[in-house]
Amino acid sequence: MSERLRTGIDVLDQRLGGGVPPGTIAALSAPPASQAELLLAEFVAPRETLYLTLDRPKSAVADGLRRTAVETGDPVVRAVADEDRIDHAIELLDGLPERSTVVVDPHSAIEREGRTGFLAFMTRLRQRVADTDSLAVLHCLDGRDVSSLRDSTEHVADVIFDLTTDIGSATVENRLAVPKFRGGRALTDTLKLRLTDGVAVDTSRDIA
């Protein structure tokens, strides 16, 4: 089997046996009010990256990546046009380099295009990441307006990264679960994350 592709989060990669297999489609499910963009920055860091932004200007995405503490290198950021969105997104996938990462942010915008467009995009995405031994990361907003196609996204995805954010009276706690890992071992417990200007895994034991 080809060498695995690192996620950029060392402890997570160790738990996943070195990362994820080439050709993987991963869904990152996270609340819109979370620091999920820091996780996207970590996914960008290990390899050449094509970053497709569907609801923010590409300058805002590039500036946001630069402001993190993560060394993201020089990802190629492309804004997907509102008009003929699916066709444009598919066209942009043709520029995916070998053994790279493609980020779709947010994938929720693809889901809102309807089943026909959604399936066309996912079929082409699957083909491109398989042909180039790459990794696709779909940023799935888990907020108030979740598409009925989210079940289809999670079914197609090989790996699911599920970020939850609990806001208490004095603390904000972030946990990352990996409940699905097709072709690997899903995690049976969660990782507690410290999300500030970067991503750190809290390895201390929780005290009940």
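Before reading on, note that the structure itself is shown above.
Draft legend 1. Expanded view of the overall build of the protein. For the protein, the helix and strand inventory stands at seven helices and nine strands. In summary, the protein has a C-alpha radius of gyration of 16 Å against a globular reference of 17 Å for 208 residues, a match within 12%. In terms of its C-alpha atoms, the protein occupies a principal-axis envelope of roughly 50 × 40 × 35 Å. Put simply, the protein has 208 residues, and 49% of those count as buried. For the protein, long-range pairs separated by at least 24 residues make up 69% of all intrachain contacts whose partners lie at least 6 apart in sequence. Within the structure as shown, the protein displays about 10,400 Å² of accessible surface, and the carbon and sulfur contribution to it stands at 46%. The averaged location of the 34 negative side-chain charges in the protein is 3 Å from the averaged location of its 25 positive side-chain charges.

Draft legend 2. Highlighting the sheet that holds strand β9 (residues 199–202). The nine strands lie next to each other as β3-β2-β4-β5-β1-β6-β7-β8-β9, forming an open sheet whose pairing is mixed. Edge positions in the sheet fall to β3 (76–79) and β9, since each has one partner strand and no second. On average, adjacent strands in this sheet sit at an angle of 25 degrees to one another, irrespective of strand direction. Examined bridge by bridge, strand β4 (residues 101–105) and strand β5 (residues 135–141) share four bridges and lie parallel to one another.

Draft legend 3. Main features of the pairing of β5. Buried residues dominate β5, accounting for six of its seven residues. Relative to β5, strand β1 (residues 24–30) runs parallel, the two being bridged by seven bridges. If you follow T24 over to β5, its bridge partner there is L135.

Draft legend 4. Just the pattern of salt bridges, in detail. Scanning the entire structure with this criterion turns up 14 salt bridges. Taking the shortest distance from any N to any O, the salt bridge between E37 and R56 comes out at 3.9 Å. You can see E37 sitting in helix α2 (residues 36–44) and its partner R56 sitting in the loop between β2 (49–53) and α3 (58–67), a full 19 residues away along the chain. When the shortest N-O distance is used, the salt bridge between R175 and E173 registers 3.0 Å. Taking the relative accessible area as the measure of exposure, R175 reaches 18% and is therefore buried. It is possible to trace a salt-bridge network through shared partners that takes in E173, R175, K192, R194 and D202.

Draft legend 5. How the structure looks around the packing of helix α4 (residues 85–93) against helix α6 (residues 115–132). Here α4 crosses α6 at 0 degrees, and the two axes come no closer than 10 Å. Our classification of the angle between α4 and α6 gives roughly parallel. Packed against α4, whose contacting residues are I86, A89, I90 and L93, the element α6 presents G117, F118, A120, F121, R124, L125 and R128 at the interface.

Here is what the cut-offs are and how they apply
Residues numbered from 1 in each chain as written. Predicted model: local features only at pLDDT ≥ 70, side-chain atom pairs only at ≥ 80, totals over all residues. Heavy atoms only, no water. Helix = DSSP H or I, 4+ residues; strand = E, 2+ residues; numbered from the N terminus. Rg over C-alpha atoms; globule rule 2.2 N^0.38 Å. Buried < 20%, exposed > 50% of the residue type's maximum accessible area, 1.4 Å probe, protein only. Contact = heavy atoms within 4.5 Å. Areas by Shrake-Rupley, 256 points an atom, 1.4 Å probe, with all protein chains shown as cover. Lys, Arg positive; Asp, Glu negative; His and termini not counted. Charge placed at Lys NZ, Arg CZ, Asp CG, Glu CD. Pairing = 2+ DSSP bridges. Axes fitted to C-alpha atoms, helices over the stretch in contact; angles between N-to-C directions. Salt bridge = Lys/Arg side-chain N within 4 Å of Asp/Glu carboxyl O. Parallel < 35°, antiparallel > 145°, perpendicular 65-115°, else oblique.

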